[in-house]
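Single-letter residue listing:
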Amino acid sequence: MVTPVAKRQAVRHIQEALDLSERRACALVGLARRVARYVSTRADDAALRQRLRDLAGQRRRFGYRRLGYLLAREGFRPNHKKLFRLYQEEGLKVRHRGGRKRALGTRAPMTIPQEPGQRWSLDFVSDALICGRRFRILAVIDDFSRRNLALVADTSLSGGRVARELTTLVKRYGKPLMIVSDNGTEFTSHAILKWADEMKVEWHYIAPGKPQQNGFVESFNGRLRDECLNETLFTSLTQARQILADWREDYNTVRPHSQLDGRTPDQVARQEPRGHAPEALVIPSTPRHKNRELSF
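It should be emphasised that the depicted structure is a prediction, and the values quoted were computed from it without experimental measurement.

Peer 1: Mind laying out the overall build of the chain, listing which residues take part and the relevant values?
Peer 2: Per the secondary structure count, the chain includes eleven helices and five strands. A total of 296 residues make up the chain; the buried ones form 40% of that total. Summarising the internal contacts of the chain: among those between residues at least 6 apart in sequence, 61% fall at separations of at least 24. Accessible area of the chain: about 17,500 Å², with a carbon and sulfur share of 50%.

Below, the structure written as structure tokens:
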């Protein structure tokens, strides 16, 4: 018995089991009578706890900050200290998976676009069906709004296929000023070089072995794998495409983005003011990360 709550329970048990007075029971336990008579005035957080558990069950890879944004949308506005306390008491901490190696060397701030549609980033992510058959996913994002423009899944994605998908995206979202990618064979193929020349789009290749120079899409790939690919068993390519489409819609329109002040990528792409996002919940970053900036 360490905490006052445990000692109060022991006092009540002794009184009922041995028919002793409160004074005698408190003396045996070593608890002051005023502490034994204390009645908590803390508000009943049953509804908040239940909703926090429900959201954590639906979004198993969300931490307490992102869950806080979702709670704020529903009218729950606990401050960040109370939210973190409830998050810990409910045992909802996200289990961290193994880390990855990070490149060493000189780092410099990455230039961030000032408007949606100025720069797109491309990359591939791979996964497998339960039968063991591998498939690849082409991810395209807008670096300013962080909006996912496409998730194209197939067993084979050639340079020509990438060019056709980009043409479709240009018709839908307009032409970007620049596209950033790594030096994969699909992105350095004649089909892509011809497409970039005909569309008058500048294509920037990052330095070999430096994925951090394409940090926006690499960060997106991490969220995609952590929240979708690692959480799902794919039985067929058709099912995988449907799940990816649903996750993409949720990512763009529902999921709060921490680097966008809790707004969604679609809100930023539409240039909606910050007031459209749930600003009532203000969750400051840990002090040691206060001045961190995206760099490569």
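That shown, we press on.
Peer 1: Residues and numbers for helix H7 (residues 159–173), please.
Peer 2: Here H7 is 15 residues long and its end C-alpha atoms lie 21 Å apart, about the 21 Å a rise of 1.5 Å per residue gives. When we look at burial in H7, the residues that qualify are Gly159, Arg161, Val162, Ala163, Leu166, Leu169 and Val170. As for H7, its buried residues are in contact with strand E1 (119–128), strand E2 (134–142), strand E3 (148–154), strand E4 (178–181), helix H8 (190–199) and strand E5 (202–205). Looking at the residues trailing H7, positive phi occurs at Gly174, about 95°.

Peer 1: Before we move on, can you summarise the sheet that holds E3 with the specific residues and values?
Peer 2: Reading across the sheet, the five strands line up as E3-E2-E1-E4-E5 and stay open at both edges, with mixed pairing between neighbours. The open sheet has two edge strands with one neighbour each: E3 and E5. Sheet twist, expressed as the mean angle between neighbouring strand axes with direction ignored, is 20°. Here E1 runs beside E2; their pairing, made up of nine bridges, is antiparallel.

Peer 1: Which residues make up the nonpolar core, and what values go with them?
Peer 2: Of all hydrophobic cores here, the largest spans 21 residues; its most connected members are Trp120, Leu122, Leu138, Leu166, Trp195 and Trp203. Going through the elements one at a time, E1, E2, E3, H7 and H8 are the ones with two or more residues in this core. Core analysis: the next-biggest nonpolar cluster, separate from the first, contains 20 residues, Val125, Ala139, Ala240 and Trp247 among them.

Peer 1: Summarise the packing of helix H4 (residues 46–58) against helix H6 (residues 80–89); cite the residues concerned and give the values.
Peer 2: Interaxial distance between H4 and H6 falls to 10 Å at its minimum, and their mutual angle equals 65°. When the axes of H4 and H6 are compared, the pair comes out roughly perpendicular. Crossing hand, H4 versus H6: right-handed. On H6, the residues touching Leu48, Arg49 and Leu52 of H4 are Lys82, Leu83, Arg85, Leu86, Tyr87 and Glu89. Among the residues forming the contact of H4 with H6, the class breakdown is five nonpolar, no polar and four charged.

Parameters and conventions
Residues numbered from 1 in each chain as written. Predicted model: local features only at pLDDT ≥ 70, side-chain atom pairs only at ≥ 80, totals over all residues. Heavy atoms only, no water. Helix = DSSP H or I, 4+ residues; strand = E, 2+ residues; numbered from the N terminus. Buried < 20%, exposed > 50% of the residue type's maximum accessible area, 1.4 Å probe, protein only. Contact = heavy atoms within 4.5 Å. Areas by Shrake-Rupley, 256 points an atom, 1.4 Å probe, with all protein chains shown as cover. Expected span 1.5 Å × (residues − 1). Pairing = 2+ DSSP bridges. Axes fitted to C-alpha atoms, helices over the stretch in contact; angles between N-to-C directions. Core = buried A, V, L, I, M, F, W, Y, C linked by side-chain atoms within 4.5 Å. Parallel < 35°, antiparallel > 145°, perpendicular 65-115°, else oblique. Left-handed = near helix turned anticlockwise from the far one by under 90°. Nonpolar A, V, L, I, M, F, W, Y, C, P; charged D, E, K, R; others polar.

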